[in-house]
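# Architecture at a glance
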Amino acid sequence: MIRMLRTSALIFLMLAAPVRAATSSGGASAAQPADPAQMAAEVKTEFLHAWTGYKRYAWGHDDLAPLSRKPHDWYAKSLLMSPVDALDTLVLMGENKEADAARDLIAAKLDFDQDIYVKNFEVTIRLLGGLLSGYQLTGDERLLHKAEDLATRLLPVFDSPTGLPYVEVNLRTGKTRGTQTNPAETGTLLLEFGTLARVTGKPVFYDKAKRALVETWQRRSAIGLVGSGLDVETGKWLDTESHISGGIDSYYEYLWKCWRLFGDEDCLAMWQPSIAAANRYLADDVGGSLWYGYADMHSGKRTHAYYGALDAFFPGLLAVSGDVPRAARLQDSSFRMWNMHGIEPEVLDYRASKIISPGYALRPEIVESTYYLSHYTRDPKYLAMGRTLFRDFVRYCRTDAGYAALANVVTKQKKDRMESFVLAETFKYYYLLFAPSALDFDAVTFNTEAHPLRATWLRGTETKAAGDAQSR
Ligand code: DMJ
C-alpha cells in the first residue's frame, strides 16, 4: 500500500512538476532583478536580427520562412504582411531609417486591387490595424489612403442576411465566401474599422463593424456565453463549446476595448455580463491555481480543462479592465505552463498536466499580459518573468536568418514559419515591457495585433467616457 502510494505520489510529482522549477506563486524564480535597459537593448538587437532576415531573404513578400530562408506569401500576390505589421514596432524602437524604408515599400508596392480572396479577420487586424497605427505614429497620409482603400474593399463582407461578416472577400470583385465563422472573426473588427471611421469622418465603417459585434453578442446563451462556431447566413450556432481561446479570444478583448477607445456605452453594456459569465463558468480553480477552461455555452458544464498559448492574453485583458488580482493569478498559471518545458505549448490539459497540442507559433500573448501586469503593478517580478520568457524564446527559437516557430515544445524541433505577428506583437511587447516610456500606455488602445490606436478624434467633454476608460 505504502509502495503504491509512493508510486502514485511520484507519478503525480512528475506530471505536476515543471521541467524547470518556477516558484509556487508562478513567480519569476529567485533570479536577480532584471535590468530593463539592458533587456530592452537585447530585445531590439534580436528584433533587428529578425527584421534583417526578412529584408535579406523575403523583402516585398508577406513573411520570411526562417529555415529555408525563402519568402512566403499568403496569396497569389504579396500583401506585405511583415512590413505593415512591423512598421509601428520600428517606429517605437526609434529605427527611423528602417521605418522610412518600410513606409516607402508600402507606398510603392502595396496594391489592394487584386483578384484574390482574403481573410477579412486576418487582413483587418494585421493590415488595416498596422496601416492605421503607422499613420497615427508618422502622419504619413499614404498609409491612411491605403487603409481606406483596403477597408472599402472589405466592406462587402458585411452584406449578409444577419450583418455577420463573411469569412473571405475578393479584393477586386467584392465577391464574398465562407459562411462558417466564429466570434473572434465576427467580433474583432471594430477597433480598426471604427478608428478609420473616426479619422475619415465616414461612419459606415464604424456602423458595419459594430453591428457585427452586436449581432454576435445578441446570440449569447441564457447564461451569457458564446460558442465557437456560427453560421453567417442563418446566425445559428454550429459549435456550442465556449472558451477564451482561439476562435473566441479577441471577441472578449474588443468588447472591453471598444469602450476603452471609443467610449461606446453599448460596448461596456455588452462587456459586463460577458466577463461575468466567463468568470463564472470558464474560470477553473485547481488546487489554488486559476485557469480558464472550456464549457458548453448553454449548460455551463465543463467540457475540457484546456488552456494554451492563445489563452494567455486573458490576464492582460483582466488587468486593463480593472481586475488585477485575478489577472495576476492567471498570469502565474501561464508562466507555470511556460516553465513546464521552457516554452509554452499551443494547448495544455491543465488538470492532467498533459500537452494536447505541442507547437509554439512564436505567439505574443503571454508577453502581452506580462507587459500589462508590469504596467499596472510595477512589480519587478514581471520584469524578471519577461527576462525568463525572452531568454527562452531566443535560446530555442532563434535561427541564423530570424526566428522559427517550434513544431514541438518538448523536443524543440523547429518549423519553417515566422508569422508577421512576431514582428508586430511578440517583439513589441517584449520591448515595451522593458522600455515602457517608448509609448504612453494610457493614451493608446492596442488592437489584437498589438497596433496601438489613439483616439485622436477626442475633443472636449463629449467623449469623456472614452478618455476615462482609456486611462483605466
Ligand atoms: C495574432 O494574429 C493576434 O493576436 C490574434 O488575435 C491571435 N493570434 C495571433 C497571435 O498569436
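Only a predicted model underlies this, so the values are computations on that prediction, with no experimental measurement involved.

This part covers the confidence of the model for the protein chain. Do not read the predicted coordinates in detail wherever pLDDT is low. Here the protein chain averages 93 in pLDDT, and 90% of its residues register 70 or above. This model gives residues 23-27 a pLDDT under 50, and the stretch forms 13 contacts once residues within four places in sequence are excluded. Under a pLDDT of 50 for its full length, residues 460-465 has, in the predicted model, four contacts with residues more than four places off or in other chains.

Okay, the site of the ligand next. In the vicinity of the ligand, the contacting residues are Ile125, Arg126, Leu310, Arg363, Pro364, Glu365, Phe421, Glu425, Thr448 and Glu449. In the model, an oxygen atom of the ligand is placed 2.7 Å from a nitrogen or oxygen of the Thr448 main chain. Between the ligand and Glu449 there is a distance of 2.7 Å, counted from an oxygen atom to a side-chain nitrogen or oxygen. Protein chains bury 91% of the 290 Å² of accessible surface belonging to the ligand in isolation. In terms of residue class, the shell around the ligand is made up of four nonpolar, one polar and five charged.

Our next topic: the pattern of salt bridges. Counting across every chain of the model gives 32 salt bridges. The shortest N-O distance in the salt bridge between Asp113 and Arg172 comes to 3.0 Å. Here Arg172 lies in the loop between strand E4 (168-170) and strand E5 (176-177) and Asp113 lies in the loop between helix H4 (96-109) and strand E3 (117-119), a separation of 59 residues in the sequence. Given a relative accessible area of 47%, Arg172 falls into the partly exposed group. In this structure, Asp264 and Lys210 form a salt bridge, with 3.0 Å as the shortest nitrogen-oxygen distance. Of this pair, Asp264 sits in the loop between helix H10 (249-262) and helix H11 (265-282) while Lys210 sits in helix H9 (residues 204-218), placing them 54 residues apart in sequence. The class for Asp264 is buried, based on a relative accessible area of 11%. Via salt bridges that share partners, Asp63, Glu122, Arg126, Arg417, Glu419 and Glu449 belong to a single interconnected network.

Turning to the sheet that holds strand E9 (residues 241-242), a few remarks are in order. Reading across from one edge, E9-E12-E13 is the order of the three strands in this open sheet, with antiparallel pairing throughout. Every interior strand has two partners, whereas the edge strands, E9 and strand E13 (302-304), have only one. Bridging between strand E12 (residues 294-296) and E13 involves two bridges; their strand directions are antiparallel. The residue of E13 that forms the bridge with Tyr294 is His304.

Criteria and cut-off values
Residues numbered from 1 in each chain as written. Predicted model: local features only at pLDDT ≥ 70, side-chain atom pairs only at ≥ 80, totals over all residues. Heavy atoms only, no water. pLDDT = per-residue confidence, 0-100. Contact = heavy atoms within 4.5 Å. Near = heavy atom within 4 Å. Polar contact = N/O pair within 3.5 Å; in protein donor to acceptor, adjacent residues only side chain to side chain. Areas by Shrake-Rupley, 256 points an atom, 1.4 Å probe, with all protein chains shown as cover. Nonpolar A, V, L, I, M, F, W, Y, C, P; charged D, E, K, R; others polar. Salt bridge = Lys/Arg side-chain N within 4 Å of Asp/Glu carboxyl O. Helix = DSSP H or I, 4+ residues; strand = E, 2+ residues; numbered from the N terminus. Buried < 20%, exposed > 50% of the residue type's maximum accessible area, 1.4 Å probe, protein only. Pairing = 2+ DSSP bridges.

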